[in-house]
Amino acid sequence: MNQNTDLLTLRSVSKSYGTVPVLHDIDLSIKDGEFLTVLGPSGSGKTTVLRLIGGLEPLTSGEIRLDGQDISRMPINRRPFNTVFQDYALFPHLTVSGNVGYGLSVRHVPRKEIARRVAEALELVQLGRFTDRFPAQLSGGQRQRVALARALICQPRLILLDEPLAALDLELRRQMQEFLKSIQREIKTTFLFVTHDQEEAIGMADRICVMQAGHIRQLGTPHELYYKPNCEFVARFFGENNLVAGKLGSVQGELRSIETALGRLVCSIRDQPHLKTATDGASAFAAFRPEALHLADAKDTENRFSGTIADMAFAGSSTVATITAGADHAGQRLRLRMPSRVDGSTLKSGATISLAFAPHEGHLVLA
Amino acid sequence: MTALPRLSTVFLAAITTLVAVLLYSPLAVPIVSSFFTIAHGNVDWSSPTLATYVALAENHDILAALRTTLIVGVCTVILSVVSGTLLALYYHSRRSGRTLLQFIIFLPFLMPPIISGLALLIFFREIGLERSLLTVVIGHTVFVLAIVYRTVLMRLQSMSRTLVEASYDLGATGWQTFWRIVLPNLSSAMVGGAILAFALSFDETMITILVTGTQSTLPVRLWAMMRLGFSPDINALVALILMFTVLLCVLAARFLIPRQVATERT
Amino acid sequence: MSGTGTIPLAERRWSLLVTVLAFALPVVFVLVPLAIFLGYSFFSVDQGTIVHTLSLGNYVRFFTDPIFLPVFWNTIVLCLSVAAICILLAYPAAYFLTTLKGRWRYALLMLLLVPLLMSYVIKIYAIRSILGLNGFLNKALVGLGILQEPSTLFVFNMNAILLTLTLLLIPFAILPIFLSLERIPQVLLRASDDLGASGLQTFLRITLPLSLPGVASAASFVFVLAIGDFLTPQMVGGISGFTFGRILYSQFGTAYNWPFGAALSVALAVVVIAAILVGERFGRNRGTAI
């Protein structure tokens, strides 16, 4: 398995239901062996991408290639992909082993081999003791694992997972995230994981594809998306972010300035050539994370401005201050996240403070 | 609804009791009569007897009618379950004309039986089909089809669409998906529908009277006898049918109420 | 099976054949007979044979003959009364059921529905013997001192038909009302209590309005079943209890005028369809979305 070869390629894929377009000219390459997460709010078209690849829906236009071969019209039951459905879709009348062995049994694999491989698959998902139970007798997490075992037993080239963790509670979801990730590492099969939960995406994916309104907005590693969003949508959707609108100014090496209501701010444009070439005066946002914002001290020479604390909210390990800044301390709302202290000492609402963030922790997003 | 004061609960319970008495008194009469003699509206409680049951065993006329009813019932069940299931599958596959089709299926159930029965009567005459058990079976099937269809369709619609998708996704063909996934999940609804169909067919009177030939089913036979008054052994028959019906009800409830719901409720 | 996507449907090629087959049974045995029946209503009878020329004669006769319209109206009034009495009895019973918990609720519901499946002819016969001059009802009324001597008030007349149909059809009223009552979220009632409403106020302003769709379906159900019944009036109605169903049936028996009977059936069908549509219109449950 070479992570650099493309397993599956979508080329200008579009999909409409009747006259309602849901996907516009999607281009996407999935690398062999990677864990790719498609992330987007509901209605972004992320599930449609999965259904098109799985063959559950026909394409309106474009093509899907597997190892360079066009499979756009290949029937669902001949595609070497298996799906873990959002509602698991376990067959209620079959036992756990009946469910897991179904894919082999419809291909007329000999009974003995089915039994052996079912046992293996159930061992892998740690359900060895549950072979004779019916789905109704299992917990949510167990059903989830049966669905996974059922999908991977046919040794598909690609496993499609449609928000499989959505129905689980928070604690179980965290466990399942780790579990899925470890299984994926163990069997080295490519995973395409669809979710609307950005924390889930960050925690599991090798790469994340952010979708909105039927378009792919950005494709990259979680780190890239978090620190170098390439558009306002990704910057806002992906974690908490402070966005300050302004006009682009001059380039100085790997930094570029932007004129905003908070004054002149300087942000990093490293590895983002399109920001270097953007014209002066173009509309853009300065983006910086709440944890990058801090109370200014003598060392802070750039990106300094003052604001008024509107509200303080204790959130466990951190405390979040909501700050109004800009002209008359009214125009711009910002968030500042700082570690909580055991003695409860904190800033006071209504206080006016001086704030700053380091230029390399700020970045620019074209409007 | 615990907010109601006690007095109104008593009132409600009283009305419910009255309703139960009203519903069961017509059933109590033949049952009591099957064990005791009744003369001029007075029950002779002193001498219980099983003589009526003995007499019933020798009433060949009634037993023949009972046999006819069972034959008609079984044929009706087979025809209506097969065609009702196929029609439900057709409707569910979103093919053309499904709304119209469903409307036609429901017509005989919505229309008064006298209209369905007369329409069939004229139809059979027009195509030159003699009135016989065949025409009775057709009449019953047309009548109960809607019930079986509806029962199966409801199960089909409550079945998650992803089950079929998952089957295809795992490599199954259309046939494999139908036999191994769809049909097993419909089976309990089909059994429930079959029991309902049989119960309806067993007691169907109005359509049967119109389309039956020389061989008559039990209700029609009873109807003919009623003008003259019943012999006591009929009471024994009624008592037996009653027990049989209760049994059938319990069975139908078992198959029609999904298992999960049943366990939740207990 | 959702025929979407690349799901292989080998039979898609046979689509037309499948459609034809699906329609075959319902069309041949439902639609065609009803169409022929409708056609018959425009024929006429001459000396015992059916004349196959179209005319509106049967309909003219129905509207102009002094016999038929009054019977028609009386039957409608009779069946509306049956529906009303059934609902008056069924509503409290259904309400009582919803106050019960879990298993008891469904056991009692079953108890009230089981009589539906009991032999229809036997029930009519038993009711007749209860209502008769020497029947249990008269015995009881005389025994309690309410009547001096057995009354003929419910013997072979319209009253007898009314009572018999009511007894036969109550279960059909209980079920829809029970279902609509059961569907009312308990939270709403608790919210009403919480806002200070009395038990009666909660019932009148929350429960009753939300259960009206069930009442509408129940009324339409009972009415349609009552008006289509021709055996019950025949058996308990005697000479004075003449209903539309009986007249209609007699056209295919003693009177032997099939075309006229077909025309009467069309009139009956119109009333039934109207009742179903009214039931459907008001039977939509507005409360379910909550």
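## Description of the overall build of chain A
Thought 1: In terms of helices and strands, chain A carries nine helices and 20 strands.
Thought 2: Along the first, second and third principal axes, the C-alpha set of chain A runs to 75 × 50 × 40 Å.
Thought 3: Partitioning the contacts of chain A with sequence separation of at least 6, the portion at a separation of at least 24 is 65%.

## Thoughts on the overall build of chain B
Thought 1: Within chain B one finds 12 helices and two strands.
Thought 2: Listed N to C, the secondary structure of chain B is α-β-β-α-α-α-α-α-α-α-α-α-α-α in terms of helices and strands.
Thought 3: Expressed along its principal axes, the backbone C-alpha trace of chain B runs to roughly 70 × 65 × 30 Å.
Thought 4: When each of the 266 residues of chain B is scored for burial, the buried share is 45%.

## Here we look at the domain arrangement of chain A
Thought 1: As far as domains go, chain A holds domain 1 (6-227) and domain 2 (240-366).
Thought 2: Centre-to-centre, using C-alpha coordinates, domain 1 of chain A lies 39 Å away from domain 2 of chain A.

## Comments concerning the interface of chain B and chain C
How big an interface is tends to be stated in terms of the accessible area lost upon association of its parts.
Thought 1: With 73 residues of chain B at the contact, the number on the chain C side is 76 residues.
Thought 2: When residues in the side of chain B that touches chain C are grouped by element, the largest group, 15 residues, is from helix α1 (residues 6-35) of chain B.
Thought 3: Partitioning the side of chain B that touches chain C into residue classes produces 52 nonpolar, 15 polar and six charged.

## Let's talk about the sheet that holds strand β18 (residues 332-339) of chain A
Backbone-to-backbone hydrogen bonds join strands into a sheet, with any given pair of strands oriented parallel or antiparallel.
All names here are of chain A.
Thought 1: Strand order in the open sheet made by the five strands is β15-β19-β16-β17-β18, with antiparallel pairing throughout. Two strands bound the open sheet, and with one partner strand each, they are β15 (294-295) and β18.
Thought 2: Sheet topology places strand β17 (residues 318-325) next to β18; eight bridges connect them, and they run antiparallel. If you follow Thr-319 over to β18, its bridge partner there is Met-338.

## Remarks on the nonpolar core
Thought 1: If you look at the biggest cluster of nonpolar residues, it comprises 259 residues, and the most contacted ones within it are Leu192(A), Ala90(C), Leu169(C), Ala173(C) and Val222(C).
Thought 2: At 16 residues, the largest contribution of residues to this core is made by helix α7 (residues 158-183) of chain C.
Thought 3: Each of domain 1 (6-227) and domain 2 (240-366) of chain A contributes no fewer than three residues to this core.
Thought 4: Apart from the residues lying within four places of it in its own chain, the contact partners of Ala173(C) are Cys86(C), Ile87(C), Ala90(C), Ala218(C), Phe221(C) and Val222(C).

## Describing helix α5 (residues 170-187) of chain A
Residue and element names in this part refer to chain A.
Thought 1: Spanning 18 residues, α5 covers 26 Å between terminal C-alpha atoms, matching the ideal 26 Å at 1.5 Å per step.
Thought 2: Of the positions making up α5, those classed as buried are Arg-173, Met-176, Leu-180 and Gln-184. End-on view of α5: buried residues confined to an arc of 70°, all on one side of the axis. Of the exposed residues in α5, the ones pointing more than 90 degrees away from its buried face are Glu-171, Glu-178, Ser-182, Arg-185 and Glu-186.
Thought 3: Considering only its buried residues, α5 is in contact with β3 (35-39), α4 (140-152), β8 (190-195) and α6 (198-204).

## A short note on the pairing of strand β1 (residues 6-17) of chain A
All names here are of chain A.
Thought 1: Sheet topology places β1 next to strand β2 (residues 20-31); eight bridges connect them, and they run antiparallel. Directly across from Asp-6, in β2, lies its bridge partner Lys-31.
Thought 2: Between β1 and β2, which pair antiparallel in sequence order, lie two residues; one of them, Gly-18, sits at a positive phi of approximately 65°.
Thought 3: In this sheet, strand β4 (residues 61-66) lies alongside β1 in antiparallel orientation, the contact comprising five bridges. Across the sheet, residue Leu-10 finds its bridge partner in β4, namely Ile-64.

## Quick look at unusual backbone geometry
Residues and elements named next belong to chain A.
Thought 1: Within the chain, Gln-126 stands out as a residue other than glycine whose phi angle is a positive 60°.
Thought 2: Position of Gln-126 among the secondary structure elements: in the loop between α3 (111-124) and α4.
Thought 3: For Gln-126, a count of 13 C-beta atoms within 10 Å gives the class partly exposed.
Thought 4: The backbone phi angle of Ala-213 is positive, close to 50°, even though this residue is not glycine.
Thought 5: Mapping Ala-213 onto the fold places it in the loop between β9 (207-212) and β10 (215-220).

## Points about the sheet that holds strand β7 (residues 158-162) of chain A
Residue and element names in this part refer to chain A.
Thought 1: Pairing within the open sheet is mixed, and its six strands lie in the order β6-β7-β8-β3-β9-β10. Edge positions in the sheet fall to β6 (81-84) and β10, since each has one partner strand and no second. In this sheet, adjacent strand axes meet at a mean angle of 20° when their direction is disregarded.
Thought 2: Relative to β10, β9 is paired through five bridges, and the arrangement is antiparallel. When the sheet's bridge partners are listed, Gln-212 is paired in β10 with His-215.

## With respect to the pairing of β9(A)
Side-chain positions along a regular strand alternate between the two faces of the sheet.
Residues and elements named next belong to chain A.
Thought 1: Bridging between β3 and β9 involves four bridges; their strand directions are parallel. Each residue of the ladder has a partner; that of Thr-37, found in β9, is Ile-208.
Thought 2: In this structure, the hairpin formed by β9 and β10 is closed by a connection of two residues, where Ala-213 is found at a positive phi of approximately 50°.

## Notes on the packing of helix α8 (residues 186-194) of chain C against helix α9 (residues 199-228) of chain C
All names here are of chain C.
Thought 1: Contact pair α8 / α9: the axes reach a minimum separation of 10 Å and the direction vectors enclose 145°. Viewed along their axes, α8 and α9 form a crossing whose handedness is right-handed. For the pair α8 and α9, the contacting residues are Leu-188, Leu-189, Ser-192 and Asp-193 in the first and Thr-202, Ile-206 and Thr-207 in the second.
Thought 2: Of the residues assigned to the contact of α8 with α9, the class counts are three nonpolar, three polar and one charged.

## Quick look at the packing of α9(C) against helix α12 (residues 258-283) of chain C
All names here are of chain C.
Thought 1: Across the interface, α9 lies against α12 with an axial gap of 7 Å and an inter-helix angle of 170°. Taken together, the axes of α9 and α12 lie roughly antiparallel to each other. Here the hand of the crossing between α9 and α12 comes out left-handed. Side by side, α9 and α12 meet where Pro-213, Ala-216, Ser-217, Ala-219, Ser-220, Phe-223, Val-224, Ile-227 and Gly-228 of the first sit next to Leu-268, Val-271, Val-272, Ala-275, Ile-276, Val-278, Gly-279, Phe-282 and Gly-283 of the second.

## Some thoughts on the confidence of the model for chain A
Thought 1: This prediction gives chain A a mean pLDDT of 88; 98% of its residues lie at or above 70.
Thought 2: Looking across chain A, the model is least confident in helix α9 (residues 273-277) of chain A, with a mean pLDDT of 82, and most confident in β8(A), with 94.

## Some details on the environment of Gly214(A)
Residues and elements named next belong to chain A.
Thought 1: You can see Gly-214 is positioned in the loop between β9 and β10.
Thought 2: Between the alpha carbons of Gly-214 and Ala-292 there is a distance of 32 Å; along the sequence they are 78 residues apart.
Thought 3: Sequence-distant contacts of Gly-214, that is, excluding residues within four places in its chain, are made with Pro-21, Val-22, Leu-23, His-24 and Gly-45.

Calculation criteria
- Residues numbered from 1 in each chain as written.
- Chains lettered and ligands numbered in written order.
- Predicted model: local features only at pLDDT ≥ 70, side-chain atom pairs only at ≥ 80, totals over all residues.
- Helix = DSSP H or I, 4+ residues; strand = E, 2+ residues; numbered from the N terminus.
- Contact = placed C-beta atoms within 7 Å.
- Buried ≥ 20, exposed ≤ 12 C-beta atoms within 10 Å, placed from the backbone.
- Domains from an automatic or database assignment.
- Nonpolar A, V, L, I, M, F, W, Y, C, P; charged D, E, K, R; others polar.
- Pairing = 2+ DSSP bridges.
- Core = buried A, V, L, I, M, F, W, Y, C linked by C-beta atoms within 7 Å.
- Expected span 1.5 Å × (residues − 1).
- Arc of directions from axis to C-beta.
- Axes fitted to C-alpha atoms, helices over the stretch in contact; angles between N-to-C directions.
- Left-handed = near helix turned anticlockwise from the far one by under 90°.
- Parallel < 35°, antiparallel > 145°, perpendicular 65-115°, else oblique.
- pLDDT = per-residue confidence, 0-100.

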